[in-house]
Amino acid sequence: MPSGYSSREDPGQMKKNKQSMADLKLRRLTELNSRLREDLERERIPVSQASKSIISYTNQTKDFMVPSIWGGIPKGEDPYVVQTSGGCCTVM
C-alpha cells in the first residue's frame with residue numbers, strides 16, 4: 001500500500017468522534033423531549049368548544065368582504081377601498 005494512505009484512523013480520534021456523535025444524539029433527544037413536554041402542558045379545549053367560539057366570533061364580527069350578509073358599507077368605513085390622494089406624489 002502507498003505510504004500516503006492509512007487503513008484506519010487513530011483509535012483515539014475514532015473514540016472522540018463516537019463520543020461527539022453520542023453527545024449530539026443526546027442533545028437532540030433532550031431538545032425533542034423538552035418540545036414534547038411543552039406540547040403536553042399546552043392548554044387543550046374540546047373541538048365542540050373551539051367550534052362554538054369560532055361561530056360566535058364570525059357572527060359578532062363584521063366582515064367587509066361579505067356584503068351579502070352585512071349589507072353595504074360606507075366608503076369611509078371600508079378598509080379595502082382604494083384610497084385616493086390629492087396628487088400623484090407625496091413628499092416626506
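Everything here concerns the structure above.
Now for a look at the structure at hand. (Residues numbered from 1 in each chain as written. Predicted model: local features only at pLDDT ≥ 70, side-chain atom pairs only at ≥ 80, totals over all residues. Heavy atoms only, no water.)

## Quick word on the overall build of the chain
Okay, so step 1: In terms of regular secondary structure, the chain is built from three helices and zero strands.
Okay, so step 2: Traced from its N-terminal end to its C-terminal end, the chain shows the element sequence α-α-α.
Okay, so step 3: When the 92 residues of the chain are sorted by exposure, 1% land in the buried category.
Okay, so step 4: Of the accessible surface of the chain, which amounts to about 9300 Å², a share of 57% is contributed by carbon and sulfur atoms. (Helix = DSSP H or I, 4+ residues; strand = E, 2+ residues; numbered from the N terminus. Buried < 20%, exposed > 50% of the residue type's maximum accessible area, 1.4 Å probe, protein only. Areas by Shrake-Rupley, 256 points an atom, 1.4 Å probe, with all protein chains shown as cover.)

## What to know about the pattern of salt bridges
Okay, so step 1: Summed over all chains, the structure comprises one salt bridge.
Okay, so step 2: Here Arg42 ties to Asp39 by a salt bridge, and the two come within 3.0 Å at their closest N and O atoms.
Okay, so step 3: Taking the relative accessible area as the measure of exposure, Asp39 reaches 32% and is therefore partly exposed. (Salt bridge = Lys/Arg side-chain N within 4 Å of Asp/Glu carboxyl O.)

## Thoughts on the environment of Tyr80
Okay, so step 1: On the secondary structure map, Tyr80 appears in the segment after helix H3 (67-70).
Okay, so step 2: Tyr80 sits in the exposed class, given a relative accessible area of 53%.
Okay, so step 3: A C-alpha to C-alpha distance of 8.0 Å links Tyr80 and Phe64, two positions 16 residues apart in sequence.
Okay, so step 4: Discounting chain neighbours no more than four positions away, the residues touching Tyr80 are Phe64 and Met65. (Contact = heavy atoms within 4.5 Å.)

## Quick word on a nonpolar patch on the surface
Okay, so step 1: A cluster of nonpolar side chains, namely Leu29, Leu32 and Leu36, defines an oily patch on the protein surface of about 280 Å² accessible area.
Okay, so step 2: Considering the arrangement of structural elements, one finds Leu36 in helix H1 (residues 11-41). (Patch = residues over 30% accessible without salt bridge, like charges linked within 9 Å, V, L, I, M, F, W, Y side chains within 5 Å.)

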